[in-house]
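Examination of the molecular architecture
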Amino acid sequence: ERHCAVAVLHLVSSEFEGTLTNGDEQLLNIYTRAARAREAESLQPFLFGVVLTKTDLYPPEYLQKIEERMQNNLVRLGHSPDLVVMCSTRAEDGHGTDDFIATVESLSARGWESRDDWLKEANDKWPRKKPVNKQAGDRHQAKESFRKGRTHKRRGMVGMTPDLPPAV
C-alpha cells in the first residue's frame, strides 16, 4: 500500500481568467500543510503542477495572459508550480489532452522509479510489527477458551416432526 505522493496536480479552470477561487485557495492550504508535514518528517517533497482546463474558451494569445496571471497569484500565495499544463477536452483538435496524458504518464513513471524511496518512507513511518510466536500450550489454551465460550449447542433437527400435508 502506498502512503506518500510523488506529485500533486491542481486543476484550475480558465473560466476564472487566472484568478483563484476560494476552493483553489483551500486546496492550496491542504497542499501547504502536506508539504510542511513531509518536510518535518524529512521525506522527499512532491512536485506541484497546475492543469489549466477549458482552454478552448479563449484564443491562444489570451491564454498566455491567463497563465501569467494564474502563476502570479500562485506565487503570491507561496506556490510556484513546477509545471503548468493547458488542456481542453472540448476543443476540436483536443489541444493539450495529449500533453496532459503525457504529463500524467511521466509522473507515474517517476513514481515507479522512486518506488524504493516511498517504500522506505512508508516502512519508516509505519513499521511492520513482528509476529508473536505462541507456544503450543498457549494455542491449546486459546482453543479451549473459544470452545468454552460457546453458549449454545448445535442441535440440528433432531426430535423435530415437520407438519407436512397428507400424501395424495
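We now turn to the structure provided with this report. (Residues numbered from 1 in each chain as written. Predicted model: local features only at pLDDT ≥ 70, side-chain atom pairs only at ≥ 80, totals over all residues. Heavy atoms only, no water.)

**Examining the overall build of the protein**
Assigned secondary structure in the protein consists of five helices and three strands. Burial analysis of the protein (168 residues in total) assigns 27% to the buried set. Within the protein, contacts between residues at least 6 apart in sequence are counted, and of these 71% link residues at least 24 apart. (Helix = DSSP H or I, 4+ residues; strand = E, 2+ residues; numbered from the N terminus. Buried < 20%, exposed > 50% of the residue type's maximum accessible area, 1.4 Å probe, protein only. Contact = heavy atoms within 4.5 Å.)

**With respect to helix α3 (residues 97-113)**
A rise of 1.5 Å per residue sets the reference length of α3, with its 17 residues, at 24 Å; its end C-alpha atoms lie 24 Å apart and thus fit the reference within 8%. Of all the positions in α3, only Thr 103, Leu 107 and Gly 111 are classed as buried. Looking straight down α3, one finds its buried side chains confined to an arc of 75°; they lie on one side. Away from its buried face, by an angle of more than 90 degrees, α3 presents the exposed residues Asp 98, Glu 105, Trp 112 and Glu 113. (Expected span 1.5 Å × (residues − 1). Arc of directions from axis to C-beta.)

**Description of the side chain of Ser 13**
Along the polypeptide, Ser 13 turns up in strand β1 (residues 7-13). On the basis of relative accessible area, Ser 13 is assigned to the buried category, the value being 14%. Of note is the side chain of Ser 13, whose polar atom sits 3.0 Å from the side chain of Glu 15. Non-local contacts of Ser 13, meaning those with residues more than four positions away in its chain, are made with Leu 52, Thr 53 and Lys 54. (Polar contact = N/O pair within 3.5 Å; in protein donor to acceptor, adjacent residues only side chain to side chain.)

**Things to note about the pairing of strand β2 (residues 47-53)**
With seven of its seven residues buried, β2 lies for the most part within the structure. Where burial is concerned, the two faces of β2 agree: the one with Leu 47, Gly 49, Val 51 and Thr 53 and the one with Phe 48, Val 50 and Leu 52 are both buried. On the question of chirality, the crossover connecting β1 to the parallel β2 by way of helix α1 (residues 22-40) is right-handed. Sheet topology note: the β2/strand β3 (residues 83-86) ladder contains four bridges and is parallel. Paired with Gly 49 across the strands is Leu 83, a residue of β3. (Right-handed = clockwise from strand over helix to strand, strands pointing away. Pairing = 2+ DSSP bridges.)

**Some details on the sheet that holds β2**
If you trace the three strands from one edge of the open sheet to the other, you get β1-β2-β3, paired in parallel fashion. In the strand order of this sheet, the two ends are held by β1 and β3, each with one partner. Averaged over all pairs of adjacent strands, the angle between their axes in this sheet comes to 25°, without regard to strand direction. Each of β1, β2 and β3 is contacted by helix α2 (residues 60-76), which is oriented at about 145° to β3, the strand it contacts most. (Axes fitted to C-alpha atoms, helices over the stretch in contact; angles between N-to-C directions.)

**Quick word on the pattern of salt bridges**
All chains considered together, the criterion is met by one salt bridge. One salt bridge in this structure joins Glu 15 and Lys 54, with 3.0 Å as the shortest N-O distance. Remark: Lys 54 occurs in the loop between β2 and α2 and Glu 15 occurs in the loop between β1 and α1; sequence separation between them is 39 residues. The partly exposed category is assigned to Glu 15, whose relative accessible area is 41%. Lys 54 sits in the partly exposed class, given a relative accessible area of 39%. (Salt bridge = Lys/Arg side-chain N within 4 Å of Asp/Glu carboxyl O.)

**Observations regarding the packing of aromatic side chains**
A full pass over the atoms with the stated rule returns three aromatic pairs. Taking 5.4 Å as the distance between ring centres and 45° as the angle between the ring planes, the aromatic pair formed by Tyr 58 and Tyr 62 counts as tilted. On the basis of relative accessibility, which here comes to 25%, the residue Tyr 62 falls in the partly exposed class. The rings of Tyr 31, Phe 46 and Phe 48 are connected pair by pair, giving a single aromatic cluster. (Phe/Tyr/Trp six-rings, centres within 6.5 Å; stacked < 30°, edge-to-face > 60°.)

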